[in-house]
Amino acid sequence: MDQIQSIRVFARVVEAGTFTKAAESLDLPKGTVTKLVQQLEARLKVKLLNRTTRRVTVTPDGAAYYERTTRVLKDLDDIEASMTNAQAKPSGRLRVDVGTSVAGQILIPALADFYRRFPDIQLDLGVTDRPVDLITDNVDCVIRGGDLQEQSLVARRLGNVPLVAVASPAYVKARGMPRHPSELEREHTTVNFFSARTGRPYAHEYTRDGKTLEVTGRYQLSVNESNALTAAVLAGLGVSDIPTFTAEPLLQRGQLVRVLEDWTCPVIPLYVVYPPNRHLSAKVRAFVEWAAELFSRHPQVLTG
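A few points on the structure. Please read all numbers here as calculations on a predicted model, not as lab measurements.

**Re the side chain of glutamate 183**
Tracing the chain through its elements places glutamate 183 in the loop between helix 7 (169–175) and strand 7 (190–193). One buried charge, glutamate 183, has no salt-bridge partner; the nearest side chain with opposite charge is arginine 186, at 5.7 Å. With sequence-adjacent residues up to four places away left out, glutamate 183 is seen in contact with Met177, Pro178 and His188.

The structure is reproduced here in structure tokens:
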């Protein structure tokens, strides 16, 4: 392997934080990754990394070398892209991470269209409601709802997803129809969604006549995955707020009923997010543009 490959491997170790994760993301044996970094250090006569049993940290010399070489690697990638037909025909392996309900109900059903347009892109789709680290996990882009936590990433807004308060017919028959959000703190039961970051449940938010109320609700069950939230409401375990793209077919079939109909739930902003160094990647641009078009056409996603 040449010197450029050694530099790429070193950069991946820095970004991943361990030799094991770097090796997995590069599809190389861990021993090969370790050897390449050692050879690079020997050639430079400089220690680039400090190794511990759990993690790798960058030395001051290593940090300076990483900063300069990543710019060179980016320039090389841009040159290679400009000398091929990648712009006209994006290709290669693309890692995308997306939330579970968006994946199952919007993205995956439309992927046949994506592959008709871009048959040479191999998509690795991570499906989880837990946040991922795009750099450490070597993810090209993510589709996520809610406020952005990392301002250094590039984000494109795909639209807004309205929420609707719902319960099962069996729940309403047994417990009655809630009419005011305050009832969720007393005589009714909620199903809550808790943050994977903090472990705390998100509040239920309702607005009427310019007045907004936030209630935690009297809950027995809290989950951190959107399909599980819907399943719990369908099972009659309580009231909750779910995306309209999930709720509409269930409401039409009579499996759920709307509650608190005089109140409106908030809308959740939906973004496709990627690291700044991916903006010139033809495959990333192809996916982002396709996703923006897909969500702009969806009847339950508000755009504009």
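**Comments concerning the packing of helix 1 (residues 3–16) against helix 2 (residues 19–26)**
The contact between helix 1 and helix 2 brings their axes to 8 Å, and the two run at 120 degrees. In terms of orientation, helix 1 and helix 2 fall into the oblique class. Crossing geometry of helix 1 relative to helix 2 is assigned as right-handed. Across the interface between the two elements, Val9, Arg12, Val13 and Ala16 of helix 1 pack against Phe19, Lys21, Ala22, Ser25 and Leu26 of helix 2. A per-class count over the contact of helix 1 with helix 2 returns six nonpolar, one polar and two charged.

**Considering the pairing of strand 6 (residues 154–167)**
For a regular strand, the rule is simple: side chains alternate between the two faces of the sheet. Bridge analysis of strand 6 against strand 13 (residues 267–274) gives eight bridges, and the strand direction is antiparallel. Note on strand 13: the bridge partner recorded for valine 154 is tyrosine 274. As paired elements, strand 6 and strand 11 (residues 240–243) share four bridges and run antiparallel to each other. Paired with alanine 165 across the bridge in strand 11 is aspartate 241. Here strand 6 runs beside strand 12 (residues 257–258); their pairing, made up of two bridges, is antiparallel. The residue of strand 12 that forms the bridge with alanine 167 is valine 257.

Rules behind the numbers
- Residues numbered from 1 in each chain as written.
- Predicted model: local features only at pLDDT ≥ 70, side-chain atom pairs only at ≥ 80, totals over all residues.
- Heavy atoms only, no water.
- Helix = DSSP H or I, 4+ residues; strand = E, 2+ residues; numbered from the N terminus.
- Buried < 20%, exposed > 50% of the residue type's maximum accessible area, 1.4 Å probe, protein only.
- Lys, Arg positive; Asp, Glu negative; His and termini not counted.
- Salt bridge = Lys/Arg side-chain N within 4 Å of Asp/Glu carboxyl O.
- Contact = heavy atoms within 4.5 Å.
- Axes fitted to C-alpha atoms, helices over the stretch in contact; angles between N-to-C directions.
- Parallel < 35°, antiparallel > 145°, perpendicular 65-115°, else oblique.
- Left-handed = near helix turned anticlockwise from the far one by under 90°.
- Nonpolar A, V, L, I, M, F, W, Y, C, P; charged D, E, K, R; others polar.
- Pairing = 2+ DSSP bridges.

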